[in-house]
Protein chains: 2
Amino acid sequence: MQLNHYDTPCLWVDLDIMESNIQHLAGYFKSRGLEWRPHTKGIKIPEIAKLVINTGAFGVTCAKLSEAELMTAAGVKNILIANQVVGEQKIERLCQLSRINEIIVAVDHLETIQLMNRIAEKFAVTLNVLLEVNTGMNRAGLDPGQPVLDFYQAIRDLEFIRNRGLMAWEGHTATIADPDEKVRSISASMEKLSATVSLCRENGIPIEIISGGGSGTYTISSNFKLLTEIQAGGVIFTDVAYSKWGAETRPSLFLRSLVTSRPSPKRIITDTGWKTLPGWSVTPKPLGVDAVDSISFSSEHGVIHLTRENTSLQPGDPLDYMVGYGDNTVFLHERLYGVRNGEVETIWEVKGRGKYT
Amino acid sequence: MQLNHYDTPCLWVDLDIMESNIQHLAGYFKSRGLEWRPHTKGIKIPEIAKLVINTGAFGVTCAKLSEAELMTAAGVKNILIANQVVGEQKIERLCQLSRINEIIVAVDHLETIQLMNRIAEKFAVTLNVLLEVNTGMNRAGLDPGQPVLDFYQAIRDLEFIRNRGLMAWEGHTATIADPDEKVRSISASMEKLSATVSLCRENGIPIEIISGGGSGTYTISSNFKLLTEIQAGGVIFTDVAYSKWGAETRPSLFLRSLVTSRPSPKRIITDTGWKTLPGWSVTPKPLGVDAVDSISFSSEHGVIHLTRENTSLQPGDPLDYMVGYGDNTVFLHERLYGVRNGEVETIWEVKGRGKYT
């Protein structure tokens, strides 16, 4: 069936390009001796996570416990929750999940991990943890160096906690435009992390896993002989954002809209606003439309302003956009249409939609 | 059950405040001789739409056909789709829906309405339309004055189309901060609309409905003796945005998060990023936190920066935010918790989530 048969707005992926992106990335990380644990917060579809694993990833990264539950239920093994899981209710869910899958979770707070240990004892499970280290992003995480060593020494005797290593996300560097500055900034983060690893190892703390790297940094971060695994995930789709932020893969994620109004020869209105195609932070790119001046979105309208008159597109005509940023787009949709040679080959349910707890 | 029993992030509404907002608005519009047709794009819950109708609204406004289908299935009557419905597939759905409910749809393009007429004939229904007029927002809509009259005259003989009147949304004025300038700008829009109405009536075109006004303009737009109905809907919740944009109702919509990390005495991390609590355009307001310097969001993390040290909030503690902008928040959630006197009285499914076609 042709894509035009389906109702718009309609999110679709070019299967040939996505598969070739996945193969490229699997080879890329393998050739550097790195494990690949793609983040699924922007992918949201267990079937695609499994496809990536079949091609070379050894597990996935999730942002939230509910996403890890979804992936577990779909048969995905080896999940890192790259976030703190707090509160009794969530820690109980984490223990429950850890009975049936290998789950690793980021920690950065002593009382939380002590609570985790008590609840894990009740559930008779061992919880795997990575210490999150703040290497310059200034979000969560322990300060590098001595605070990390102190933390490890404080949790050493927790019987139901298993220390696996460190996690650090150099997210503050992803959007740096100047290539030299980007390398310098990532190097500074890696130095902090490296010094922390050395300090821990010198003090007899085993550091098995060092997890980091995202779709906006992997081409640089994977060159340091430090990380053991890379979390880049959204880059299997690629979009305007990752193209700009240095990804070497090709754009495969698009949104088909219909033109709904042509109020002026220099203005095109489509049926997709920020509820289906956010223009926040990175603007989507309409395909096959010349002389685009600017694009704006309201909740359910997309407005394309042209620099010169064009009346060829009329209400009812399809218009594709290259997605601006997959992470803020895929999770809004109910379905993702997999297209090959113009035909819809697969319709995936976006099962990760609404998995935010 | 207390709200803290439920897992976070957790969107909740103060029922006493929401109900009092609804009563206030019903009285407000009635006293001005206006019908109230609240927009449900930011409400998304049919049960709340019905509550509003029971209190004084006579129907609802929807942004999309799928939202109108949802509301129809829930028993809501009299629906205006304040948007163009284009393409054979959607027009067929519109005809189907028009067999079982009174649906009015905005139009602004001759070929589309001719197609609507042909399909309506096949379905043996009459489609109700309002002509959308561009009164300064420069999105969709016909230019005011003669183009509207020309359009009416061109559709006069379409047997399966019933002209009900005009729609215009003065959305470009909603965010104007200066009160005098806002009144001037809305007046300019209303003058264009008023002149169009007069021109049509002088030429024998019946204008039964004149629909407009939103949550950011209703306190001004409803004072002109022009509109017959007001679309303001989100204002039943109110949020940081509508409080700023002149709404007279009280904030009732909140999001409960948990603190997940305290990496520094001047930084609080919560479990809610822009996937559940967008800070786009309008920043949410954390409650009970003093000395807030700024707030930033990544996809799943909220970061509150403080101007002075505070260590009282610890990981696992609940923290409520006043929602920044309900329209970009409610539609992201699976459930809305209705709270009265600290107890969860109702849990509504956000059935309008994903209704974007």
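Reading the values: the criteria
Residues numbered from 1 in each chain as written. Chains lettered and ligands numbered in written order. Predicted model: local features only at pLDDT ≥ 70, side-chain atom pairs only at ≥ 80, totals over all residues. Heavy atoms only, no water. Helix = DSSP H or I, 4+ residues; strand = E, 2+ residues; numbered from the N terminus. Buried < 20%, exposed > 50% of the residue type's maximum accessible area, 1.4 Å probe, protein only. Contact = heavy atoms within 4.5 Å. Areas by Shrake-Rupley, 256 points an atom, 1.4 Å probe, with all protein chains shown as cover. Lys, Arg positive; Asp, Glu negative; His and termini not counted. Charge placed at Lys NZ, Arg CZ, Asp CG, Glu CD. Buried area = accessible area lost by both parts, 1.4 Å probe. Salt bridge = Lys/Arg side-chain N within 4 Å of Asp/Glu carboxyl O. Polar contact = N/O pair within 3.5 Å; in protein donor to acceptor, adjacent residues only side chain to side chain. Nonpolar A, V, L, I, M, F, W, Y, C, P; charged D, E, K, R; others polar. 1 Å grid on protein atoms, 1.4 Å probe; cavity = no way out; pocket = protein on both sides within 12 Å on 5 of 7 lines; lining within 4 Å. Points joined across faces, edges and corners; volume = space filled by probe spheres on them. Least-squares fit on C-alpha atoms with pLDDT ≥ 70 in both. Domains from an automatic or database assignment. Phe/Tyr/Trp six-rings, centres within 6.5 Å; stacked < 30°, edge-to-face > 60°.

Re the overall build of chain A
In terms of regular secondary structure, chain A is built from 9 helices and 17 strands. Taken over 357 residues, chain A has a buried fraction of 63%. For chain A, contacts bridging at least 24 residues in sequence account for 68% of all contacts bridging at least 6. Of the accessible surface of chain A, which amounts to about 13,000 Å², a share of 46% is contributed by carbon and sulfur atoms. When the 36 positive and 41 negative side-chain charges of chain A are each reduced to one mean point, those points stand 1 Å apart.

Topic: the interface of chain B and chain A
Tallying the contact residues gives 58 residues for chain B and 58 residues for chain A. Here chain B packs against chain A, burying approximately 4,800 Å² in sum over the two surfaces, 51% of which is carbon and sulfur. On the chain B side of the interface with chain A, the three residues burying the most area are Asp 7, Arg 139 and Tyr 356 of chain B, jointly 15% of the side's total. Our enumeration of links across chain B and chain A arrives at 8 salt bridges. Taking the shortest distance from any N to any O, the salt bridge between Lys 90 of chain A and Asp 7 of chain B comes out at 2.9 Å. Taken together, the connections running from chain B to chain A amount to 32 residue pairs in polar contact (both at pLDDT 80 or more). If you list the elements that add at least two residues to the side of chain B that touches chain A, you get α4 (88-98), β10 (253-264) and β11 (267-270) of chain B. If you tally residues by element for the side of chain B that touches chain A, the top one is β10 of chain B, at 5 residues. In terms of residue class, the side of chain B that touches chain A is built from 17 nonpolar, 24 polar and 17 charged.

Considerations on empty space enclosed by the protein
Counted by the stated rule, this structure contains 9 cavities of 30 Å³ or more. Computed from the structure, the largest cavity encloses a volume of approximately 110 Å³. Taken together, 15 residues line the largest cavity, and the ones lying closest to its centre are Asp 271 of chain A together with Lys 64, Gln 84, Val 85 and Lys 90 of chain B. Here the second largest cavity defines a volume of roughly 90 Å³. For the lining of the second largest cavity, the residue count by class is 5 nonpolar, 4 polar and 3 charged.

Some details on the pattern of salt bridges
Pairing between side chains becomes possible if they bear opposite charge and their charged atoms approach one another. Applying the stated criterion across every chain, the model contains 36 salt bridges over all chains. Across the pair Glu 345 of chain A and Arg 340 of chain A runs a salt bridge whose closest N-O atoms are separated by 2.7 Å. Between Glu 19 of chain B and Arg 340 of chain B there is a salt bridge; the shortest N-O distance is 2.9 Å. Here Glu 19 of chain B, found in helix α1 (residues 15-31), pairs with Arg 340 of chain B, found in strand β16 (residues 335-340); they are 321 residues apart in sequence, far enough to count as distant. Overall, Glu 19 of chain B belongs to the partly exposed group, its relative accessible area being 26%.

Topic: the side chain of Thr 272 of chain B
Residue and element names in this part refer to chain B. Relative to the elements of secondary structure, Thr 272 occurs in the loop between β11 and β12 (285-286). With a relative accessible area of 0%, Thr 272 lands in the buried category. Within polar-contact distance, the side chain of Thr 272 engages the side chain of Thr 276 at 2.6 Å. Apart from the residues within four sequence positions on either side, Thr 272 is in contact with Pro 9, Leu 255, Ser 257, Leu 277, Phe 297, Glu 300, His 301, Gly 302 and Tyr 321.

Thoughts on the relation of the copies chain B and chain A
Superposing chain B onto chain A takes a rotation of 180° combined with a translation of 0.0 Å along the rotation axis, leaving an RMSD of 0.0 Å. Considering both components of the superposition, the chain copies are consistent with a two-fold axis. A share of 100% of the interface residues of chain B reappears at the interface of chain A, consistent with the copies meeting face to face through the same patch.

A word on the environment of Leu 127 of chain B
All names here are of chain B. Mapped onto the secondary structure, Leu 127 falls in strand β6 (residues 127-132). Since its relative accessible area comes to 2%, Leu 127 is described here as buried. Note: C-alpha distance between Leu 127 and Ile 17 (110 residues apart in sequence) is 38 Å. Those residues in contact with Leu 127, other than ones at most four positions away along the chain, are Leu 94, Cys 95, Ser 98, Met 116, Ala 120, Phe 160, Ile 161 and Arg 162.

Overview of the domain arrangement of chain A
Where the parts come together, the accessible area they lose is often given as the size of the interface. Residues and elements named next belong to chain A. Split into domains, chain A comes out as domain 1 (3-8 + 250-349) and domain 2 (15-237). On a C-alpha basis, the centres of domain 1 and domain 2 stand 34 Å from each other. Between domain 1 and domain 2, the residue contacts involve 18 residues of the former and 16 residues of the latter. Looking at the side of domain 1 facing domain 2, the largest losses of area belong to Arg 250, Arg 340 and Trp 348, adding up to 41% of the total buried there. Seen at the junction of domain 1 and domain 2, the total is 3 salt bridges. There are 6 residue pairs in polar contact (both at pLDDT 80 or more) connecting domain 1 and domain 2. In terms of residue class, the side of domain 1 that touches domain 2 is built from 8 nonpolar, 5 polar and 5 charged.

Things to note about the packing of aromatic side chains
Residues and elements named next belong to chain A. Scanning all chains against the criterion turns up 27 aromatic pairs over all chains. Consider the rings of Phe 29 and Trp 36, whose centres lie 5.6 Å apart with planes at 40°: the pair is tilted. A centroid spacing of 6.3 Å and a plane angle of 50° characterise the contact between Phe 297 and Tyr 321, whose relative ring orientation is tilted. Of this pair, Phe 297 sits in strand β13 (residues 292-297) while Tyr 321 is found in strand β15 (residues 318-322), placing the two residues 24 residues apart along the sequence. Note on Phe 297: relative accessible area 17%, which makes it buried.

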